[in-house]
Amino acid sequence: MSIIAITGTPGVGKTTIVELFSEGDFTIMSVKDLAKQYGCEGDFDESAQSMDIDIHRLAEQFESDLLDDAIVDGHLSHFLEVDAIVILRCNPSMLQERLAKRGYSEQKIKANVEWEMIAGTWSEMIEFELDQPILELDTTNCDPNKTYEEIIEWINDGHSQNSRQARIDWLAE
Ligand code: ADP
Ligand code: MG
């Protein structure tokens, strides 16, 4: 049994990839659904245009003694008790396009593009001293099926490759 978090800035491709896992033997869940299930939703955040999630309370309540292998979709999924973490990355200009297509406000696009630019998710993982195996993948110009296959390969290898810091640095490009 193992639980894998798929994390990264909104728009990097988490949900697209997680949906590909529905063909396999994995139970699929999202942080959003878990927050609902465990009553860890807060108020609607007008500026972010999304529901607040009390991720630390959810992390305490989240029962990871599931029977199946599971994949958790969400930009906060790395805060849950998981066995391994996949962090997806996307070039900020491509991310901007993806989020604009989604109809996000200018402000929300800017906030997310900046978060990706500074590798914000990595900062959170480092700050919380997470010690799980981490796989970082760039989805910028990559077929989702290829990304999916790389993750499967990594899982089947026992998540052996294990980066402890970002290899991708958009500021250095
Ligand atoms: P998230 O769940 O991280 O917010 P989504 O999966 O909803 O992101 O959206 C990502 C968008 O990027 C989709 O339109 C998807 O088709 C596109 N995309 C392009 N390449 C990839 C890839 N390699 N992996 C995942 N998504 C990709
Ligand atoms: Mg999503």
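Residues numbered from 1 in each chain as written. Chains lettered and ligands numbered in written order. Predicted model: local features only at pLDDT ≥ 70, side-chain atom pairs only at ≥ 80, totals over all residues. Heavy atoms only, no water.

Trainee: How should I be thinking about the sheet that holds strand β6 (residues 84-89) in this particular structure?
Mentor: Sheets are built from strands that pair by backbone hydrogen bonding, the pairs being arranged parallel or antiparallel. An order of β2-β5-β1-β6-β7 is seen for the 5 strands of this open sheet, with the pairing classed as parallel. The sheet is open, and its two borders are formed by β2 (27-30) and β7 (134-138), each paired with just one other strand. The average undirected angle you get between the axes of adjacent strands in this sheet is 20°. (Pairing = 2+ DSSP bridges. Helix = DSSP H or I, 4+ residues; strand = E, 2+ residues; numbered from the N terminus. Axes fitted to C-alpha atoms, helices over the stretch in contact; angles between N-to-C directions.)

Trainee: I'm lost on the site of ligand 1 in this one. Help?
Mentor: Close to ligand 1 lie 16 residues, the nearest being Gly11, Lys14, Thr15, Thr16 and Cys142. Within the side chain of Arg98, an N or O atom sits 3.2 Å from an oxygen atom of ligand 1. With 4 residues, helix α1 (residues 14-20) is the single largest residue contributor to the shell around ligand 1. (Near = heavy atom within 4 Å. Polar contact = N/O pair within 3.5 Å; in protein donor to acceptor, adjacent residues only side chain to side chain.)

Trainee: Just to check I follow, could you spell out the packing of helix α4 (residues 92-101) against helix α5 (residues 106-117) for this structure?
Mentor: Geometry of a packed helix pair, given as the angle between the helix axes and the separation of the axes. Relative orientation of the contacting elements α4 and α5 amounts to 150°, with a least axis distance of 9 Å. Classified by the angle their axes make, α4 and α5 are roughly antiparallel. Crossing handedness for the pair α4 and α5: right-handed. Taking contact as the criterion, the partners of Pro92, Leu95, Gln96, Leu99 and Ala100 in α4 are, on α5, Ile109, Asn112, Val113, Glu116 and Met117. Its residues placed into classes, the contact of α4 with α5 shows 7 nonpolar, 2 polar and 1 charged. (Parallel < 35°, antiparallel > 145°, perpendicular 65-115°, else oblique. Left-handed = near helix turned anticlockwise from the far one by under 90°. Contact = heavy atoms within 4.5 Å. Nonpolar A, V, L, I, M, F, W, Y, C, P; charged D, E, K, R; others polar.)

Trainee: How should the environment of Ser64 be read in this particular structure?
Mentor: Looking at the secondary structure, you find Ser64 in the loop between α3 (55-61) and β5 (70-73). For Ser64, a relative accessible area of 14% gives the class buried. Sequence separation between Ser64 and Tyr104 is 40 residues; the distance between their C-alpha atoms is 33 Å. Not counting residues up to four positions away in its chain, the partners in contact with Ser64 are Met1, Ile3 and Glu81. (Buried < 20%, exposed > 50% of the residue type's maximum accessible area, 1.4 Å probe, protein only.)

Trainee: I keep staring at the pairing of strand β3 (residues 41-45) and nothing clicks. Help me out?
Mentor: The side chains of a regular strand alternate, first on one face of the sheet and then on the other. In this structure, β3 lies alongside strand β4 (residues 50-53), joined through 3 bridges in antiparallel fashion. Its bridge partner being in β4, Phe44 is matched across the sheet by Met51. Connecting β3 to the next strand, β4, in antiparallel fashion are 4 residues, including Gln49 with a positive phi near 55°.

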